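# Report on the structure
The lines below spell out each chain.
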Amino acid sequence: SLQKQWLDVGPSPRETYQEMADTFFGMIRPIFDEVKAHYDEIRATFSTNAEAKQTLIDQLRAFLADEVEASHAGWKAATDKVLALQTQWKEVGFAGKEHNEDLWQTFRGLADVFFEKKQLFYDAQKAANNENKDKKVALIEKAEAIQDSTDWRKTSEAMIALQNEWKAVGACSPGDEQKLWRRFRKAQDTFFKA
């Protein structure tokens, strides 16, 4: 703004112009040098930030190469690690126009692969839980069908066999597990109390 005003003021005497110009621009030049140094310093952090982001990408890639323990706890621990890497990513500054977007796409793509694997695990768990639920409902229906029987020996053996089958069937979702167990136990108790 001051430079524009300097130029807009108009001509000055030749004999004093050079001295005034040197004084004026001598005062402005250090300011521009500070501004340039500031932006040079910011640009220098771009390469440091790019290296830090590449390190995070390498860590995520190495993490994806390892198998996650096939359990809820295993996936929870793995998710915590990936989320920690994402938090670190956010803390690293801008890596410059030429690198930042490419680095982000790579990092995001790797994180997406992780979360897709996690989703496949939980989809398989859900399918197994539903299958186990169906098996347990069938066992409950068998127990309820014979709970009022008075053929004590044969029905006792059948109830014990149903208990063993129940134990052999894997777990279903926690909410369903308790409801189904109470219903199964009720049929068992009805018979054995009689």
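Look up a bit, the structure's there.
My aim in this report is to walk through the structure given alongside it, one point at a time. Everything numeric in this text was worked out from a predicted model, so none of it was measured. (Residues numbered from 1 in each chain as written. Predicted model: local features only at pLDDT ≥ 70, side-chain atom pairs only at ≥ 80, totals over all residues. Heavy atoms only, no water.)

### Some points on the nonpolar core
Short version of the rule: In this text, buried Ala, Val, Leu, Ile, Met, Phe, Trp, Tyr and Cys residues form a nonpolar core when linked through side-chain atoms within 4.5 Å. For every residue, the accessible area (1.4 Å probe, protein chains only) is compared with the maximum for its type, and the residue is labelled buried under 20%, exposed over 50%, or partly exposed between those bounds. Labels follow the DSSP assignment, with helices taken as runs of H or I lasting at least four residues and strands as runs of E lasting at least two, numbered in each case from the N terminus. Two residues qualify as a contact provided that any one of their heavy atoms is within 4.5 Å of a heavy atom in the partner residue.
Among the nonpolar cores identified, the biggest contains 20 residues, and L56, I57, L60, W89, L103, F107 and F114 are the most heavily contacted of them. Within the residue set of this core, elements represented by two or more residues are α2 (14-65), α3 (72-91) and α4 (97-146). Setting aside residues up to four positions removed in sequence, L103 forms contacts with A50, K53, Q54, I57, W89 and A95. Counting residues in each nonpolar core, the second largest holds 12 residues, with M159, W166, F184 and F191 among its members.

### Notes on the layout of surface pockets
The gaps of empty space that remain are located by a probe, the size of a water molecule, rolled over the atoms. We count it as follows: Grid points spaced at 1 Å and placed over the protein atoms alone form the basis of the search, with a cavity being a set where a 1.4 Å probe fits but cannot get out and a pocket an open set showing protein on both sides within 12 Å along at least five of seven lines. Lining residues have an atom within 4 Å of a point. Grid points are joined across faces, edges and corners, and a volume is the space filled by probe spheres set on the points. Following the grouping adopted for this structure description, the nonpolar residues are Ala, Val, Leu, Ile, Met, Phe, Trp, Tyr, Cys and Pro, the charged ones are Asp, Glu, Lys and Arg, and the polar ones are all others, Gly among them.
For the largest pocket, the calculated volume is near 160 Å³. In terms of lining, the largest pocket is formed by W6, L7, V9, G10, P11, S12, Y17 and M20. Where the lining of the largest pocket is concerned, the elements lending two or more residues are α1 (2-9) and α2. Its residues placed into classes, the lining of the largest pocket shows 6 nonpolar, 2 polar and no charged.

### Side note on helix α6 (residues 174-193)
In an α-helix, one full turn covers 3.6 residues, which means residues spaced three or four apart are oriented alike. We count it as follows: By this rule the span expected of a helix is its residue count minus one, scaled by 1.5 Å. The arc under discussion is defined with respect to the helix axis, by the directions toward the C-beta atoms.
Helix length check: α6, at 20 residues, gives a terminal C-alpha distance of 28 Å against a target of 28 Å (1.5 Å per residue), a fit within 8%. Listed as buried for α6 are E177, L180, F184, A187, Q188 and F191. Summarising the axial view, the buried residues of α6 lie within an arc of 105 degrees, below the 170-degree limit, and thus occupy one face. Of the residues in α6, the exposed ones pointing more than 90 degrees away from the buried face are P174, K179, R182, K186 and K193.

### Considering the packing of α1 against α2
Worth spelling out the cut-off: Helix axes are fitted to C-alpha atoms over the stretch in contact, other axes to C-alpha atoms as well, and angles between N-to-C directions run from 0 to 180 degrees. Angular relationships are summarised with four words: roughly parallel below 35 degrees, roughly antiparallel beyond 145, roughly perpendicular across 65 to 115, and oblique for the angles in between. Take the far helix as your reference; a near helix turned counterclockwise from it by less than a right angle gives a left-handed crossing, and one turned clockwise gives a right-handed crossing.
Two elements in contact, α1 and α2, have axes whose closest approach is 11 Å; the angle formed by their N-to-C orientations is 165 degrees. Between α1 and α2, the interaxial angle falls into the category roughly antiparallel. Crossing of α1 over α2 shows left-handed handedness. Residues L2, Q3 and W6 of α1 form the contact with α2, whose own contacting residues are Y17, M20, A21, F24, F25, I28 and F32. Split into classes, the residues belonging to the contact of α1 with α2 amount to 9 nonpolar, 1 polar and no charged.

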